[in-house]
Amino acid sequence: MTTQIKIILIFLAIVLGSIFFLKSKKMLNGYRLASMLSVILTFGSLLWIVIYIVGKGVPYLTPSLFEWEYTTENVSMMPSIITTLIVVFLGILIATPIGVFTAIYLVEYAKPGSKVVEVIRLAAETLQGIPSIVYGLFGMLFFVTRLELSFSILSGVFTISIMILPLIIRSTEEALKSVNDSLRHASLALGAGKLRTIFTVVLPIAMPGIVAGIVLATGRIVGETACLIYTLGTATQMPTGLTSSSRTLALHMYMLSSEGLHVGEAYATAMVLLAVVLLINYVSTKIGNKLSEGAN
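What this report covers is the structure whose coordinates are included nearby. (Residues numbered from 1 in each chain as written. Predicted model: local features only at pLDDT ≥ 70, side-chain atom pairs only at ≥ 80, totals over all residues. Heavy atoms only, no water.)

**As for the packing of helix α3 (residues 78-109) against helix α6 (residues 153-177)**
α6 packs onto α3 with a crossing angle of 40 degrees between their chain directions and a minimal axis gap of 6 Å. Crossing handedness for the pair α3 and α6: right-handed. When the residues that make up the contact of α3 with α6 are grouped by side-chain class, the tally is 21 nonpolar, 6 polar and 2 charged. (Axes fitted to C-alpha atoms, helices over the stretch in contact; angles between N-to-C directions. Helix = DSSP H or I, 4+ residues; strand = E, 2+ residues; numbered from the N terminus. Left-handed = near helix turned anticlockwise from the far one by under 90°. Nonpolar A, V, L, I, M, F, W, Y, C, P; charged D, E, K, R; others polar.)

If you want it as structure tokens, here you go:
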């Protein structure tokens, strides 16, 4: 019996034991049972994926995978880690101000029922529903070919910024709408201008929702492959500048698994990818909390 099967059996035993215990104490009805099973299914699926990846990747997680240079012997992921951080930082740096200020205009300045607002929202919703490979083809035709940026970090960052822009706009818009209008009226009544009210009253309260959108956008960047394979490229060397081609961790994992020669190293890369996502989300959340506390 494999380790994975043992883990599944232990998990199922815990679940069934909990259900029978709650049912015997008359603490479980049909609605609670359905809710409990949904939570267990969701959490269990996530736990199983993590356990499976960790179990497959730990044996191949060696120091050679973190060497500075990529070779055919060690297939180092360090260039991919550096590239991932650069793409995430620049992508968020470009998309966040545009998305936040667009949402501020839609919520705070645009008139209700305005045709401009309808057009902007329709464009954002349309962009959000476009498959990532279409963004990749657009980026290849426009940034790589038309603007002659070639396969580079710049091409990848510009394309990924357009892709995550609707997500940031939508999350920021919802966060701003959740702020009570009485706070705006109170600030204006005390003599504060419209712009000052937005930056000192509205944005600090909406900051957790805005940060949540940025975190979701970050996760999409980190896990993206189809968009970047046509713009960033798949070069293995350490990036020397914004015009050089490289690959992110997700691309690195995809290339290793598709080649079929380093599947174990691909699982090890997936482990590091999970760790990077958790680290970025943790740092983003801390920054958002600090900004909210400082404003209060």
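Following the structure, the description resumes.
**A few points about α6**
The terminal C-alpha atoms of α6, which comprises 25 residues, lie 35 Å apart, in line with the 36 Å expected from a rise of 1.5 Å per residue. Within α6, 19 of the 25 residues are buried, which leaves it mostly tucked inside the rest of the structure. (Expected span 1.5 Å × (residues − 1). Buried < 20%, exposed > 50% of the residue type's maximum accessible area, 1.4 Å probe, protein only.)

**What about helix α8 (residues 194-222)?**
With 29 residues, α8 should reach 42 Å at 1.5 Å per residue; the first-to-last C-alpha distance of 37 Å falls well below that figure. Roughly 55 degrees is the biggest bend found in α8, and it falls at M207, with proline P208 one to four residues downstream. (Bend = angle between axes of the 7 residues up to and from the residue.)

**Thoughts on the packing of helix α4 (residues 115-129) against α6**
α6 packs onto α4 with a crossing angle of 130 degrees between their chain directions and a minimal axis gap of 8 Å. With respect to α6, the element α4 is oriented oblique. Two packed elements cross with a definite hand, and for α4 against α6 that hand is left-handed. Facing α4, whose interface residues are R121, A124, E125, L127 and Q128, α6 presents P166, L167, R170, E173 and K177. (Parallel < 35°, antiparallel > 145°, perpendicular 65-115°, else oblique. Contact = heavy atoms within 4.5 Å.)

**As for a nonpolar patch on the surface**
A contiguous nonpolar surface patch, about 600 Å² in accessible area, is contributed by F101, Y105, Y109, V116, L195 and F199. Those elements that provide at least two residues to the nonpolar patch are α3 and α8. Among the elements that line the nonpolar patch, the one with the most residues is α3, at 3 residues. Mapped onto the fold, Y105 is located in helix α3. Residue classification places Y105 among the partly exposed residues on the basis of a relative accessible area of 36%. (Patch = residues over 30% accessible without salt bridge, like charges linked within 9 Å, V, L, I, M, F, W, Y side chains within 5 Å. Areas by Shrake-Rupley, 256 points an atom, 1.4 Å probe, with all protein chains shown as cover. Salt bridge = Lys/Arg side-chain N within 4 Å of Asp/Glu carboxyl O.)

**Section: the side chain of S80**
You can see S80 is positioned in helix α3. You can call S80 buried: its relative accessible area is 2%. A distance of 3.4 Å separates a polar atom in the side chain of S80 from the backbone oxygen of R247. Apart from the residues within four sequence positions on either side, S80 is in contact with R247, T248, L249 and H252. (Polar contact = N/O pair within 3.5 Å; in protein donor to acceptor, adjacent residues only side chain to side chain.)

**Thoughts on the environment of G156**
With respect to the element layout, G156 can be found in helix α6. For the pair formed by G156 and T231, sequence separation is 75 residues and the distance between their alpha carbons is 4.9 Å. Sequence-distant contacts of G156, defined by excluding residues within four places in its chain, comprise L228, T231 and L232.

**A look at the packing of aromatic side chains**
Enumeration over the complete set of coordinates arrives at 5 aromatic pairs. Considering the side-chain rings of F101 and F199, the 6.4 Å spacing of their centres and the 50 degrees angle between planes classify their relative orientation as tilted. Of this pair, F101 sits in helix α3 while F199 sits in helix α8, and the two are 98 residues apart along the sequence. What makes F199 partly exposed here is its relative accessible area of 41%. On the numbers, 6.0 Å between centres and 85 degrees between planes, the contact of F138 with F143 is edge-to-face. The structure contains a cluster of three or more aromatic residues connected by ring pairs, namely F138, F142, F143 and F158. For the cation-ring pair, K194 lies above Y109, with the distance from its terminal atom to the ring centre recorded as 5.9 Å. (Phe/Tyr/Trp six-rings, centres within 6.5 Å; stacked < 30°, edge-to-face > 60°. Lys NZ or Arg CZ within 6 Å of the ring centre and 35° of its normal.)

**Considerations on the pattern of salt bridges**
Applying the stated criterion across every chain, the model contains 7 salt bridges. Across the pair R170 and E174 runs a salt bridge, and its minimum N-O distance is 3.6 Å. Of this pair, R170 and E174 both sit in helix α6, 4 residues apart, which is roughly one turn of the helix. Judged by relative accessible area, R170 falls into the partly exposed class, the value being 35%. One salt-bridge network, in which partners are shared between bridges, spans R121, R170, E173, E174 and K177.

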